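Chain by chain, the residues run as shown.
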Amino acid sequence: MSKRVIVDPITRIEGHLRAEVIVGDDGVVQDAFVSSTLWRGLEVIAKGRDPRNIPLMMQRICGVCTYSHYLKSTMAVEDALDIKIPYNAELVRTLMNAALFIHDHPVHFYHLHGVDWVDIVSALSADPAKASKLAFKYTDNPIATGENDLKKVQEKIGKFAKNPQGLGPFANAYWGHGTYKLTPEQNLIALSHYLKALEMQRLAAQMMAIFGAKQPHPQSLTVGGVTCVMDILNPAKMGEYLVKFQELADFINNAYYPDILMAVEMYKTEPSVMKPMGVKNFMAHKEFMIGRNEYLFDSGIIMNGDLSKVLDIDEDMITEEATHSWYKNDNPLHPYDGETDPNYTGFVDGETVGPDGEMVKTKQIDENQKYSWIKSPRYNGEPMEVGPLASILVGYASGNKKVTEVVGEFLGKTGIPAAALFSTLGRTGARMLQAKLVADNALVAFNNLIENLKVDQETCATYTIDKDKVYQGRGMGDVPRGMLSHWIRIKNGVVENYQAVVPSTWNAGPMDGNGKKGPYEADLIGLKIQDLTQPLEIIRIIHSYDPCIACAVHVMDTKGKTLSEYKLDPLYGECSV
């Protein structure tokens, strides 16, 4: 008899996400449904406003990837007004983007996704001397893995374990789960890098603030270019960026990369992370201008996992529909014509597997109706995966020399075939490879900026907005979680319509009107769960996409009781309780 397992909330992500799977007697997932349980609604707020103000508002979509939305929203307005920004501005934006990528990817692996692979409790029983020697197996220059360093890590985490409240930030996890594969010494190495990555996170935020004024929510982009001209003309500021970048690049190459090599070595035979993907369609967009008309990452589409053919993106083929989303118009609409009119229908009564294995009463998704605040984006009617894996696969299949060299080296060191990239393990590895490519190549843009400033100091283009014209444009590119696009229509000098199609919309969207599932849902089907009360396998797959659902906070007491409910009219600012 099949059972329903509900994971809600999925933690260690940005935003609010719920996963429900139907599992057979053999523990294999027969069907899966994923729901975002919080409405974003910023598209509604944008209407009627000056388009030049919208990028500063749109970066508030997220508290992590603020620069991503800031940049693509700015690009959307520039595209609509047919503005070509100066070369210096393009390069500065690349350097800020580099700060974001080499911040975001290590943070995701170590602080959000890493404990799906690393058993913290196991690390406490490791031999620090053996672990220190083992680190040299994966890199010639290991970071934070001296014997004394590792002893200090054990002491620090050991204090948490002795505390009456348990493991502190590592409490309430599935330690000892049968699908953990790293040895105690390998776990200790990765745990040390978890703590070191906290320092790197601070460094990367400082690096973004050099040109962005602050982080999160940088302030230096403007429609037409950038405003940080005094910073890029200051040798001390440029030198500070360079030093911080080099330290972060070293961490990526000598901690993040080796840890992924270690994970692949131990997990490449684990079925839960090597099972075939449910969706093998991938889409990526060019990103990272490092020289004139030279981009680090490519645009393209791969269908059905066929690496022999990369198709061009036809933007007219992009739609979003809401058959199973809490919005009124179910039809597939192009983003320029997208609608954001909420129609919340809630959940129904049901049962789920409880913490002791017994069935308990709960609210559950009605999969025949609407069940998520995320829409269902489609390309020519097909679901697509976006993200670092899509970017790496498109670059690899396109023959991008920088990408093919890094991927070839990685496959050689791990001994896995290219086909193994089509997996949860491959997706996790691809994110590291993208971080490495940025770490190894972003200084090309840095040096080109220095050279160009010797003959040209222009950082912003002029433009006009004709209130008698209708404009429309989009800002599109790959950000840490995949292809992001902002779409704007301007009429009478103000925003008439606005839509943001974010990476996690592509990946986490619900089933469409034709019954086709998005990547999250499709990837869970066929997954064997070892223990229904500890569904680590579900979390590991979902985390591999680095979910970024809308930022917000629900307030409740420890028993889940609602304390208050608020309704805000986004057009008039009126609030009622």
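The structure this text deals with has already been given above.
Residue numbers run consecutively from 1 along every chain, following the written order of its sequence. Per-residue local features are limited, in this predicted model, to residues with pLDDT of at least 70; the limit for side-chain atom pairs, both in listing and counting, is 80 or more; totals at the level of whole chains, interfaces and linings are taken over all residues. Hydrogens and water are ignored here; the side-chain numbers use all heavy atoms of the structure.

A. A look at the overall build of the protein. Within the protein, the regular secondary structure consists of 17 helices and 18 strands. Radius of gyration here uses only the C-alpha atoms, and the compact-globule reference equals 2.2 Å multiplied by the residue count raised to the power 0.38. Taken over C-alpha atoms, the radius of gyration comes to 24 Å for the protein, in line with the 25 Å a tight globule of 577 residues would show. For the protein, the spread of C-alpha atoms along the principal axes amounts to about 65 × 55 × 50 Å. To sort residues, take the accessible area from a 1.4 Å probe on protein chains only and compare it with the maximum for the residue type: under 20% means buried, over 50% means exposed, and anything in between is partly exposed. The burial tally for the protein puts 57% of its 577 residues in the buried class. Contact definition: two residues touch when any of their heavy atoms are within 4.5 Å. Residue pairs in contact within the protein that sit at least 24 positions apart in sequence constitute 72% of those at least 6 positions apart. Total accessible area on the protein stands at roughly 23,300 Å², and carbon and sulfur atoms take up 49% of it. Note that His is not counted, nor are the chain ends; the positive residues are Lys and Arg, and the negative ones are Asp and Glu. Charged groups are reduced to one reference atom each: NZ for lysine, CZ for arginine, CG for aspartic acid, CD for glutamic acid. Charged side chains in the protein number 58 positive and 71 negative. The centres of these two groups are separated by 3 Å. Each helix is a run of DSSP H or I of at least 4 residues and each strand a run of E of at least 2, with the numbering of both proceeding from the N terminus. Here, Shrake-Rupley sampling with a 1.4 Å probe gives the accessible areas, and only protein chains in the shown set may cover a residue.

B. Spatial organisation of the pairing of strand β2 (residues 17-23). With seven of its seven residues buried, β2 lies for the most part within the structure. Both faces of β2 are covered, namely the face carrying L17, A19, V21 and V23 and the face carrying R18, E20 and I22. Here, a strand pair is defined by DSSP locating no fewer than two bridges between the strands. As consecutive antiparallel partners, β2 and strand β3 (residues 29-36) are separated by five residues, and within that stretch G27 has a phi angle of approximately 80 degrees, a positive value.

C. Local environment of helix α14 (residues 424-453). Multiply 1.5 Å by the residue count of a helix minus one, and that product is the helix's expected span. With 30 residues, α14 extends 43 Å between its outermost C-alpha atoms, agreeing within 8% with the 44 Å of an ideal straight helix rising 1.5 Å per residue. The element α14 is largely enclosed, with a buried count of 23 among its 30 residues.

D. Structural context of the nonpolar core. F211, Y241, F410 and V438 are the most contacted members of the largest nonpolar core, which totals 131 residues. In contact with V438, other than residues within four places in its own chain, are A98, F101, I102, F245, F288, L296 and F297. By convention a nonpolar core is built from buried Ala, Val, Leu, Ile, Met, Phe, Trp, Tyr and Cys residues, the set being connected through side-chain atoms within 4.5 Å. By size, the runner-up hydrophobic cluster in this structure holds 24 residues, among which are L17, A19, V353 and I549.

E. How the structure looks around the packing of helix α8 (residues 184-212) against helix α10 (residues 235-267). α10 packs onto α8 with a crossing angle of 155 degrees between their chain directions and a minimal axis gap of 9 Å. Taken together, α8 and α10 sit at an angle that is classed as roughly antiparallel. For the element pair α8 and α10, the recorded crossing hand is left-handed. Gly is placed with the polar residues, together with every amino acid not listed as nonpolar (Ala, Val, Leu, Ile, Met, Phe, Trp, Tyr, Cys and Pro) or charged (Asp, Glu, Lys and Arg). Considered class by class, the residues forming the contact of α8 with α10 number 17 nonpolar, three polar and seven charged. To obtain an axis, a line is fitted to C-alpha atoms, over the contacting stretch when the element is a helix, and the angle between two such axes runs from 0 to 180 degrees between their N-to-C directions. Angle categories are assigned with fixed cut-offs, so that under 35 degrees is roughly parallel, over 145 is roughly antiparallel, 65 to 115 is roughly perpendicular, and the rest are oblique. In a left-handed crossing the near helix is turned counterclockwise from the far helix by less than a right angle, and in a right-handed crossing that turn is clockwise.

F. Structural detail: the sheet that holds β3. Strand order across the open sheet formed by three strands is β1-β2-β3, with antiparallel pairing between neighbours. Pairing within the sheet leaves two strands with one partner each, and these edge strands are β1 (3-7) and β3. With strand direction ignored, the average angle separating the axes of adjacent strands in the sheet is 15 degrees. In the sheet, β1 pairs with β2 via five bridges, with the strands oriented antiparallel. What sits directly across from K3, in β2, is V23.

G. Molecular detail of the packing of helix α12 (residues 388-398) against helix α13 (residues 401-414). Look at α12 against α13: their axes get within 8 Å of each other, and the N-to-C directions meet at 105 degrees. On the basis of the axis angle, α12 is roughly perpendicular to α13. Contacts from I392, G395 and Y396 of α12 reach α13 at V403, T404, V407 and L411. In terms of residue class, the contact of α12 with α13 is made up of five nonpolar, two polar and no charged.

H. Looking closely at the side chain of S391. When you line up the elements, S391 lands in helix α12. Here S391 is in contact with A284, F297, Q434 and D478, once residues within four sequence places are set aside.

I. Geometry of the packing of aromatic side chains. For this analysis, a ring pair means two rings from Phe, Tyr or Trp (six-membered ring only for Trp) whose centres lie within 6.5 Å, classed as stacked if their planes differ by under 30 degrees, edge-to-face if by over 60, and tilted for the remaining angles. Within the structure shown, the criterion is met by 22 aromatic pairs. Ring plane angle 75 degrees and centroid distance 4.9 Å describe the contact between F101 and F288, whose orientation is recorded as edge-to-face. Here the residue F101 occupies a position in helix α4 (residues 87-113), and F288 occupies one in strand β7 (residues 287-291), the gap between them amounting to 187 residues. A residue is classified by how much of its surface remains accessible, and F288, at 2% relative accessible area, is buried. One aromatic cluster is present, formed by W326, Y327, Y344, F347 and W373 through successive ring pairs.

J. Looking closely at helix α3 (residues 66-80). The end-to-end C-alpha separation of α3 is 22 Å, in line with the 21 Å expected for 15 residues at 1.5 Å each. Two residues or fewer past α3, D82 is found with a positive phi of approximately 60 degrees.

K. Up close: the state of the cysteines. By disulfide we mean two sulfur atoms from cysteines, separated by a distance within 2.5 Å. If you walk through the whole model with that rule in mind, you get zero disulfides. The structure places no disulfide on C65, whose sulfur is separated from the nearest cysteine sulfur, that of C62, by 3.3 Å. The exposure class assigned to C65 is buried, which follows from its relative accessible area of 6%.

Just geometry here; none of it tells us what the structure is for.
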